[in-house]
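Coordinate analysis (summary)
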Amino acid sequence: MTITFFLQALEVLAFITSIYYYRKNSTRYTLYLVLFLGLTVFSECFGWYAYFVKEGEFLYFLKGTPFEKNYWYFNSYLIVSMLFYINYFKGYYQSKRFIKFINIVSISFLLGAILYLIFTDIFFTGFSPFTMIGGTLLVFLSVALYYLELLNSNRILKVHKTLPFYVSVAALIWHLCATPLMIYSYYFSNSLDPEFVKLYRIVLNSSNIFMYSIYIVGFLVCSREKDLY
């Protein structure tokens, strides 16, 4: 429980520092990032409801229903999360061709993710592999296009002073580490393999700590700089 509260405190701190940064750099895509972090804090808190679905707790009436677990909620949140990261970097593209491409793949991903949830039983039973794999690949693609534009401009010289760079590092590391485990969690959920559960918690907690720490550092470092875009 200690690590859980620490992680939630770190999430809240990242959200607070994002507001601090936004007060100094009030751009549209920074606002989107602030709102996304606020949604993430709310989602993590709301997801705790599943803890109270047990005998003696006030949500015990959900026992035996599809809402007993919080997979349905986080499957919805994951779609929003993937779409956010895919489109966040689009705000820093100069190429109209890249922007148009990201718009097309975003719509395609959204439709595919919804259809997968409709025509499978994964919505209430585990994390959607389509959302995790497809979304992660598109996040990597979106970041790759962002890096490609950096290499073709003089912004690369001051990249360590720009917020999107920190967001890209945090997003890449988190998705690279967490996605495989979240996919396999569905297959291990019935066996309750203790070694897998231990590994799952260590990697996921470490990924979250790294991600939110990078966010906080990025907000604080970049708040001292003028908007370079």
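The coordinates are above.
Residues numbered from 1 in each chain as written. Predicted model: local features only at pLDDT ≥ 70, side-chain atom pairs only at ≥ 80, totals over all residues. Heavy atoms only, no water.

**A closer look at the nonpolar core**
The line we're drawing: Take the buried Ala, Val, Leu, Ile, Met, Phe, Trp, Tyr and Cys residues and link them wherever side-chain atoms come within 4.5 Å; each set so joined is a nonpolar core. Throughout, exposure labels follow a simple rule: accessible area from a 1.4 Å probe, protein chains only, divided by the maximum for the residue type, with under 20% read as buried, over 50% as exposed, and the rest as partly exposed. Per the convention used, a helix needs a DSSP run of H or I reaching at least four residues, while a strand needs a run of E reaching at least two, with both numbered from the N terminus. We call two residues in contact when some of their heavy atoms are within 4.5 Å.
Residues L33, Y85, Y88 and Y215 are the most contacted members of the largest nonpolar core, which totals 63 residues. Only α1 (2-24), α2 (28-46), α3 (71-88), α4 (96-119), α5 (129-151), α6 (163-188) and α7 (194-222) provide two or more residues apiece to this core. If one sorts the elements of this core by residue count, α3 sits on top with 13 residues. Setting aside anything within four residues of it in sequence, one finds L33 in contact with F84, Y88, L163, V167, Y215 and F219.

**Some points on a nonpolar patch on the surface**
The following threshold applies: Within this analysis, patches are made of residues with over 30% relative accessible area and no salt bridge. Like charges are joined at 9 Å or less; nonpolar side chains (Val, Leu, Ile, Met, Phe, Trp, Tyr) at 5 Å or less. Values of accessible area rely on a 1.4 Å probe in the Shrake-Rupley scheme; residue burial ignores everything except the protein chains shown. Put simply, a salt bridge is a Lys or Arg side-chain nitrogen that is within 4 Å of an Asp or Glu carboxyl oxygen.
Taken together, the side chains of L110, I114, L115, I118 and F119 present a nonpolar region at the surface, about 500 Å² in accessible area. By relative accessible area, I114 is classed as partly exposed at 38%.

**Here we look at the pattern of salt bridges**
Side chains carrying opposite charge are able to pair once their charged atoms draw close together. Taken as a whole and judged by the stated rule, the model has one salt bridge. Its salt-bridge partner being K63, residue E68 comes within 3.0 Å of it at the nearest N-O pair.

**Thoughts on the packing of aromatic side chains**
By convention here, two paired aromatic rings are described through the distance between centres and the angle between planes. Worth spelling out the cut-off: Between the rings of Phe, Tyr and Trp (Trp by its six-membered ring), a pair exists once the centres lie within 6.5 Å; its type follows the angle of the planes, with under 30 degrees stacked, over 60 edge-to-face, and the other angles tilted.
Under the criterion given, the structure shown has 33 aromatic pairs. Ring geometry for F67 and F124: centres 5.4 Å apart, planes at 85°, overall edge-to-face. Linking F67 in the loop between α2 and α3 with F124 in the loop between α4 and α5, this pair joins segments that are 57 residues apart in sequence. A residue is classified by how much of its surface remains accessible, and F124, at 30% relative accessible area, is partly exposed. Centroid distance Y215 to F219: 6.1 Å. Interplanar angle 15°. Geometry classified as stacked. Of this pair, Y215 and F219 both sit in helix α7, four residues apart, which is roughly one turn of the helix. Accessibility classification places Y215 together with F219 in one group, the buried group.

**Let's talk about the environment of N70**
Structurally, N70 is set in the loop between α2 and α3. Note on N70: relative accessible area 19%, which makes it buried. It is 9.0 Å that separates the C-alpha atoms of N70 and G126, two residues lying 56 residues apart in sequence. Those residues in contact with N70 that sit more than four places away from it in its chain are G47, Y49 and A50.

**Observations regarding the packing of α1 against α2**
Using the following cut-off: Helix axes use the C-alpha atoms of the stretch in contact, all axes being lines fitted to C-alpha atoms, and the angles between their N-to-C directions lie in the range 0 to 180 degrees. Any angle that is under 35 degrees is reported as roughly parallel, and any over 145 degrees as roughly antiparallel; angles of 65 to 115 degrees are reported as roughly perpendicular and all others as oblique. For any helix crossing, the convention is left-handed if the near helix is rotated counterclockwise from the far helix by under a right angle, and right-handed if that rotation is clockwise.
Orientation of α1 relative to α2, taken along the N-to-C sense of each, is 160°, at an axis distance of 9 Å. Between α1 and α2, the crossing angle belongs to the class labelled roughly antiparallel. Regarding α1 and α2, the two cross each other, and that crossing is left-handed. Seen from α1, the contacting residues are Q8, E11, V12, A14, F15, S18, I19, Y21 and Y22; seen from α2, they are T30, L31, V34, L37, G38, T40, V41, E44 and C45.

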